[in-house]
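A structural walkthrough
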Amino acid sequence: MPAEIFRTETGPAARLSPGSPARTAASYDEIPYESHAIADSHPDHIAAIAALFGIESPDPARCRVLELGCARGDNVMAMATTLPGASFVGVDGSARQIADGERRRSGAGLDNVK
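About the thresholds
- Residues numbered from 1 in each chain as written.
- Predicted model: local features only at pLDDT ≥ 70, side-chain atom pairs only at ≥ 80, totals over all residues.
- Heavy atoms only, no water.
- Buried < 20%, exposed > 50% of the residue type's maximum accessible area, 1.4 Å probe, protein only.
- Helix = DSSP H or I, 4+ residues; strand = E, 2+ residues; numbered from the N terminus.
- Pairing = 2+ DSSP bridges.
- Right-handed = clockwise from strand over helix to strand, strands pointing away.
- pLDDT = per-residue confidence, 0-100.
- Contact = heavy atoms within 4.5 Å.
- Arc of directions from axis to C-beta.
- Polar contact = N/O pair within 3.5 Å; in protein donor to acceptor, adjacent residues only side chain to side chain.
- Salt bridge = Lys/Arg side-chain N within 4 Å of Asp/Glu carboxyl O.

Regarding the pairing of strand β2 (residues 87-91)
Judged by which residues are buried, β2 turns out to be one-sided: Phe88 and Gly90 face inward and are buried, whereas Ser87, Val89 and Val91, on the alternate face, are not. Sheet analysis places strand β1 (residues 64-68) next to β2, joined by five bridges and oriented parallel. Note that in β2 the partner of Glu67 across the bridge is Gly90. For the handedness criterion, the β-α-β arrangement of β1, helix α3 (residues 74-82) and β2 is classed as right-handed.

Rendered as structure tokens:
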């Protein structure tokens, strides 16, 4: 797709220099991207794949997960729901996505997600 489709002529991103990291981050605040659970990234799935290759892995029930580019955190929150003894950290450059995710996390009462 041509890059012009994603350019904006108004709003905070338009006031930043083209191609700057700040403009990119602002564009994700203006038009949030999708967030959903990804079954293949679940610690249980990864541990099963590791076992098939003879690799020892941490116990998924007590693992620690870092997800970069987590959007609003739907994937880490889905994992946190099924693994209450594990800890999850989601990182994203979009302040809007993080704020949306924090509201959802708080509402769900998930204390093992940051």
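Some points on the confidence of the model for the protein chain
On average, residues of the protein chain score 85 in pLDDT, and 79% of them reach the 70 mark or higher. Counting contacts from residues 1-9, a segment whose pLDDT is below 50, to residues more than four positions away or on other chains yields seven contacts.

Regarding unusual backbone geometry
The backbone of Ala71 shows a phi angle near 55 degrees, a positive value even though the residue is not glycine. Positionally, Ala71 belongs in the loop between β1 and α3.

Considering helix α2 (residues 43-52)
Buried within α2 we find Pro43, Ala47 and Ala50. Each buried residue of α2 sits inside an arc of 60 degrees when the element is viewed along its axis, so together they form one side. Just beyond α2, the residue with positive phi is Gly54, at close to 70 degrees.

Considerations on the side chain of Asp74
Relative to the assigned elements, Asp74 resides in helix α3. We classify Asp74 as buried; its relative accessible area is 11%. In terms of polar contacts, Asp74 uses its side chain to reach the side chain of Arg72, at 3.1 Å. Not counting residues up to four positions away in its chain, the partners in contact with Asp74 are Ser35, His36, Ala37 and Arg104.

Digging into the pattern of salt bridges
All told, the structure shown has five salt bridges when counted by the stated rule. Linking Arg62 and Asp59 is a salt bridge whose minimum nitrogen-to-oxygen distance equals 2.7 Å. Two residues, Asp100 and Arg103, come together in a salt bridge whose shortest N-O distance is 2.3 Å. With Asp100 and Arg103 both in helix α4 (residues 95-108) and three residues apart, this pair spans about one turn of that helix. Through salt bridges with shared partners, a single network forms among Arg72, Asp74 and Arg104.

Some thoughts on the environment of Asp92
Turning to its location among the elements, Asp92 is positioned in the loop between β2 and α4. The exposure class of Asp92 is buried, given its relative accessible area of 14%. In the structure, Asp92 is positioned 25 residues away from Glu67 in sequence and 8.6 Å away in space, judged by C-alpha atoms. What Asp92 contacts, discounting residues up to four positions off in sequence, is Tyr33, Gly69, Cys70, Ala71, Gln97 and Ile98. Polar contacts involving the side chain of Asp92 include one to the main-chain amide nitrogen of Cys70, which spans 3.3 Å. Among the polar contacts listed, one links the side chain of Asp92 to the backbone nitrogen of Ala71, at a separation of 2.8 Å.

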